[in-house]
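# Structural characterization, general
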Amino acid sequence: METYVQKAQPFPQDLKVTIHKTSMIFPSKRTEKKSLFLSNIDKVLNFDVETVHFFVANNDFPPKIVAEKFKKALEDALVVYDFLAGRLKVNTETNRLEIDCNAEGAGFVEASSEYKLNQIGDLVYPNPAFGQFVHKNKHFLKPGDVPLCVFQFTSLKCGGFVIGISTSHTIFDGLSFKIFLDNIAALAANKPLAVTPFHDRQLLAARSPPHVTFSHPELINLGNIPTGLESGVCMDSTEELDFRIFGLTSDDINRLKEKAKAGDTTLKEKAKAGGTTRITGFNVITTHIWRCKALSGPYDPNRSSTILYAVDIRSRLNPALPKSYTGNAVLTAYATAKCKEIEEGSFSKLVEMVREGATRINDEYARSIIDWGELHNGFPNGEVLVSSWWRLGLEKVEYPWGKPKYCCPAVHHRKDIILLFSPIGGDGDDGVNVIVALPPKEMEKFQSLFYKFLI
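Residues numbered from 1 in each chain as written. Predicted model: local features only at pLDDT ≥ 70, side-chain atom pairs only at ≥ 80, totals over all residues. Heavy atoms only, no water.

An unreviewed UniProt entry lists the chain under the name Omega-hydroxypalmitate O-feruloyl transferase, with Lupinus luteus given as the organism. A UniProt comment under Sequence similarities (unreviewed entry) is attached to the chain, and it reads "Belongs to the plant acyltransferase family." (UniProt positions renumbered as here; feature names shortened; annotations may be inferred.)

The subject of this paragraph is the sheet that holds strand β6 (residues 97-101). Across the sheet, which stays open at both edges, the 3 strands sit in the order β3-β6-β5 with antiparallel pairing between neighbours. The outermost strands of the open sheet, each flanked by one partner alone, are β3 (34-37) and β5 (87-90). Going from strand to strand, the sheet's axes swing by 40° on average, the running direction of each strand aside. Note that β3 and β6 share 4 bridges and pair antiparallel. Bridging from a neighbouring strand, Leu36 pairs with Ile99 of β6. (Pairing = 2+ DSSP bridges. Helix = DSSP H or I, 4+ residues; strand = E, 2+ residues; numbered from the N terminus. Axes fitted to C-alpha atoms, helices over the stretch in contact; angles between N-to-C directions.)

So, on to the pairing of strand β4 (residues 48-55). The side chains of a regular strand alternate, residue by residue, between the two faces of the sheet. Within β4, 6 of the 8 residues are buried, leaving the element largely enclosed by the surrounding structure. Bridge analysis of β4 against strand β9 (residues 161-168) gives 8 bridges, and the strand direction is antiparallel. Residue pairing across strands places Phe54 opposite Val162, the latter belonging to β9. (Buried < 20%, exposed > 50% of the residue type's maximum accessible area, 1.4 Å probe, protein only.)

Here we take up the sheet that holds β9. Across the sheet, which stays open at both edges, the 6 strands sit in the order β2-β7-β8-β9-β4-β16 with mixed pairing between neighbours. The open sheet terminates on both sides in strands that have one partner only, identified here as β2 (17-25) and β16 (406-409). Neighbour-to-neighbour, the strand axes of this sheet turn through a mean angle of 15°, independent of strand direction. Bridge analysis of β4 against β16 gives 4 bridges, and the strand direction is antiparallel.

Moving on to the packing of helix α2 (residues 63-80) against helix α3 (residues 174-188). At a minimum axis distance of 8 Å, the contact between α2 and α3 shows a crossing angle of 115°. Handedness of the α2/α3 crossing: right-handed. Judged by residue contacts, Lys69, Phe70, Ala73, Leu74, Asp76 and Ala77 of α2 engage Phe180, Ile184, Leu187 and Ala188 from α3. Grouping the amino acids of the contact of α2 with α3 by side-chain chemistry returns 8 nonpolar, no polar and 2 charged. (Left-handed = near helix turned anticlockwise from the far one by under 90°. Contact = heavy atoms within 4.5 Å. Nonpolar A, V, L, I, M, F, W, Y, C, P; charged D, E, K, R; others polar.)

To continue, consider empty space enclosed by the protein. Under the defined criterion, the tally for this structure stands at 3 cavities of 30 Å³ or more. Quantified by volume, the largest cavity comes out at close to 110 Å³. Lining the largest cavity we find 13 residues, and of these Glu395, Tyr406, Cys407, Phe421 and Ser422 sit closest to its centre. A class-by-class count of the residues in the lining of the largest cavity yields 8 nonpolar, 3 polar and 2 charged. (1 Å grid on protein atoms, 1.4 Å probe; cavity = no way out; pocket = protein on both sides within 12 Å on 5 of 7 lines; lining within 4 Å. Points joined across faces, edges and corners; volume = space filled by probe spheres on them.)

Right, let's get into the packing of aromatic side chains. As enumerated under the stated definition, the model contains 27 aromatic pairs in all. For the ring pair Phe177 and Phe180, a centre distance of 6.5 Å and an interplane angle of 25° mean the geometry is stacked. Linking Phe177 with Phe180, this pair stays in helix α3, spanning 3 residues, or about one helical turn. For the pair shown, Phe177 and Phe180 are each scored as buried. Put simply, the rings of Phe70, Tyr81, Phe83, Phe108, Phe151, Phe172, Phe177 and Phe180 pair up and form one aromatic cluster. Over the ring of Phe347 we find Lys259; its NZ or CZ atom is 5.6 Å from the centre of that ring. Here Arg360 stacks its cationic end above the ring of Tyr334, 4.2 Å away from the centre of that ring. (Phe/Tyr/Trp six-rings, centres within 6.5 Å; stacked < 30°, edge-to-face > 60°. Lys NZ or Arg CZ within 6 Å of the ring centre and 35° of its normal.)

With that settled, the discussion passes to helix α4 (residues 250-262). Under the 1.5 Å per step criterion, the end-to-end length of α4 is 18 Å for 13 residues, consistent within 8% with the ideal 18 Å. Where the residues of α4 are buried, they touch β11 (242-248), α6 (281-294), α8 (347-359) and β18 (432-438). (Expected span 1.5 Å × (residues − 1).)

Turning our attention to the pattern of salt bridges. Counting across every chain of the model gives 25 salt bridges. Of the charged contacts in the structure, one is a salt bridge between Arg96 and Glu374, with a shortest N-O distance of 3.1 Å. Linking Arg96 in the loop between β5 and β6 with Glu374 in helix α9 (residues 363-375), this pair joins segments that are 278 residues apart in sequence. In this structure Arg96 comes out as buried when scored by relative accessible area, which is 15%. (Salt bridge = Lys/Arg side-chain N within 4 Å of Asp/Glu carboxyl O.)

Put into structure tokens, the structure is as follows:
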């Protein structure tokens, strides 16, 4: 696998999807009516995440049989994940967003496409038409009703199929979504749950009284929005954007690691003493992307550039959260530097900034962010957010009908969110695909820097 860049390819813009049936599915057993607390991390993620999961044909599992097994597994899962059949509401006493576990159901859509799997184009390329495989949550069966999750099963002409899932980000982060899919796979095979989910989100409740002990420059208060925030990472872009996929091989990543080590005297001393190094694939990739993005726009040496990236806090808290914690247990780390330093400074120093950004998030820092969210209505803010689906393992879920050929989000036009994915058939050690959306002139500069900085 060699380093490569892939530009927009011809692909069908209409996947000729026909919806045959939309219905609500309910827990297979009676569930308790209750309210589920949402943390300050959950509540700021009040938007839907859409993913598509592609499967090749399996003669032992024709699409009709798979659809029935999948639907039955979902009904059983709604007993354990009872809140998935609930609805978001605002508690009138606390004025907090929470989930009303009222068993009103999750959405289920049965559809078909006139295409075969090998006719819909490169699955890695973020084709906007993939959105046709995912049904929107809003006004699902009746005006005003918004299920927390909707599942669409689309059969293809070849016997393959696509499962599209739209879930409110308030209910899952990437890791808990992966566990949910593992449990769906187990239930579909008539096996016990693969992992018993842990649902108590009070473990991430703010302290009383809230105690913000850090300045948190990575967060912006919605009451203090600067002019031009419409281009921030939380907003869709209305500009014309180029999409490109930059492939980094395992050799490229190792080369970046060596580059970082070569300029880091601290690491050299540690290595001599037999200590472990701190260079990770994610940190060098993130730093590489940061340099390219910061320097791809109009150059101002004194402009500060901030990169954001998610950090799982399950093991960083004291006591640690259960690994099976269901909900959002990720916070946004950051690194900031002047463009002059990003251009002229050593790669190893920038990698160290990225590493320190993640290391900064210990128990007290995480609690301070959560408490900040109790006092302010805001969200992370930076020049670029690296969203990593790399090594998340969605493509490793073993359903009775086989593993997915590929999984990806239905990508939207967000120029300041850069996505990391494993290649098709990759296991996380075969390199990474970097998916970038930028205005044409910035894209050309980004591409030039991407390869220049690899040398």
